[in-house]
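# Coordinate inspection notes
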Amino acid sequence: QVQLVESGGGLVQPGGSLTLSCEASGMTFSVYTMGWYRQAPGKERELVALINSYGNVNYSGSVRGRCTISRDNAKNTVYLQMNSLKREDTAAYYCNARYGAIHNYWGQGTQVTVSS
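Residues numbered from 1 in each chain as written. Predicted model: local features only at pLDDT ≥ 70, side-chain atom pairs only at ≥ 80, totals over all residues. Heavy atoms only, no water.

### Looking at the state of the cysteines
For the structure on display, the rule yields 1 disulfide. Each sulfur of the disulfide joining Cys 22 and Cys 95 lies 2.1 Å from the other. Here Cys 22 and Cys 95 share a disulfide; its torsion about the S-S bond, -80 degrees, makes the bridge left-handed. Of this pair, Cys 22 sits in strand E3 (residues 18–25) while Cys 95 sits in strand E9 (residues 91–99), and the two are 73 residues apart along the sequence. A relative accessible area of 0% places Cys 22 in the buried class. Sulfur of Cys 67: no disulfide; nearest cysteine sulfur belongs to Cys 95 and is 15 Å away. (Disulfide = S-S within 2.5 Å. Helix = DSSP H or I, 4+ residues; strand = E, 2+ residues; numbered from the N terminus. Buried < 20%, exposed > 50% of the residue type's maximum accessible area, 1.4 Å probe, protein only.)

### Some points on the side chain of Asn 96
Mapped onto the elements, Asn 96 comes out in strand E9. Using a relative accessible area of 1% as the deciding quantity, one classes Asn 96 as buried. At 2.8 Å, the side chain of Asn 96 forms a polar contact with the side chain of Asn 104. For Asn 96, the side chain forms a polar contact with the main-chain oxygen of Tyr 105, separated by 3.0 Å. Look past the residues within four positions of Asn 96 in its chain and what remains in contact with it is Leu 4, Thr 33, Met 34, Gly 35, Tyr 37, Asn 104, Tyr 105 and Trp 106. (Polar contact = N/O pair within 3.5 Å; in protein donor to acceptor, adjacent residues only side chain to side chain. Contact = heavy atoms within 4.5 Å.)

### Quick word on the pairing of strand E11 (residues 110–114)
In E11, alternate side chains face the same way, and those of Thr 110, Val 112 and Val 114 are buried while those of Gln 111 and Thr 113 on the opposite face are not. Sheet topology note: the strand E2 (residues 10–12)/E11 ladder contains 3 bridges and is parallel. Across the sheet, Val 12 pairs through a bridge with Val 114, a residue of E11. The pairing of E9 with E11 spans 3 bridges and is antiparallel. Counted as the bridge partner of Ala 92 is Gln 111 from E11. (Pairing = 2+ DSSP bridges.)

### Focus on the environment of Asn 56
Tracing the sequence through the fold places Asn 56 in the loop between strand E5 (46–51) and strand E6 (57–59). Under the relative-accessibility criterion, Asn 56 is labelled partly exposed at 48%. Linking Asn 56 and Thr 33, residues 23 residues apart in sequence, is a C-alpha distance of 9.4 Å. Setting aside anything within four residues of it in sequence, one finds Asn 56 in contact with Leu 50 and Ile 51.

### As for the sheet that holds strand E8 (residues 77–82)
Read from one edge to the other, the open sheet built from 4 strands follows the order E1-E3-E8-E7, with strand pairing classed as antiparallel. Pairing within the sheet leaves two strands with one partner each, and these edge strands are strand E1 (3–7) and strand E7 (67–72). Ignoring strand direction, the axes of neighbouring strands in this sheet form an average angle of 15 degrees. Strand direction decides the pairing type here: E3 and E8, joined by 6 bridges, are antiparallel. In the strand pairing of E8, Ser 21 is matched with Tyr 79. (Axes fitted to C-alpha atoms, helices over the stretch in contact; angles between N-to-C directions.)

Written out as structure tokens, the structure reads:
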């Protein structure tokens, strides 16, 4: 059974930093494309960052230059380091694992609130 467990969310002041973690189990982690998505109240879920099995990364325009996605295959964990956080970054952040057209899994989400 595949499980994705996010952690690291919380309350942070504007301009601050957070690092989210997502630990996977029940899957061959290294072959999956891992991603971080977010969903703010009243808005659709949107892509934040992706990292594929080769380590190639892709970022949404709204976070490029402020966020870094990375993975540790030995720990079955993907990270999202977020810097220079803005109020508009406030959202529930979800970890995603995808392999082919069939294997697509989501974590339960972790809340990030940027507020003074």
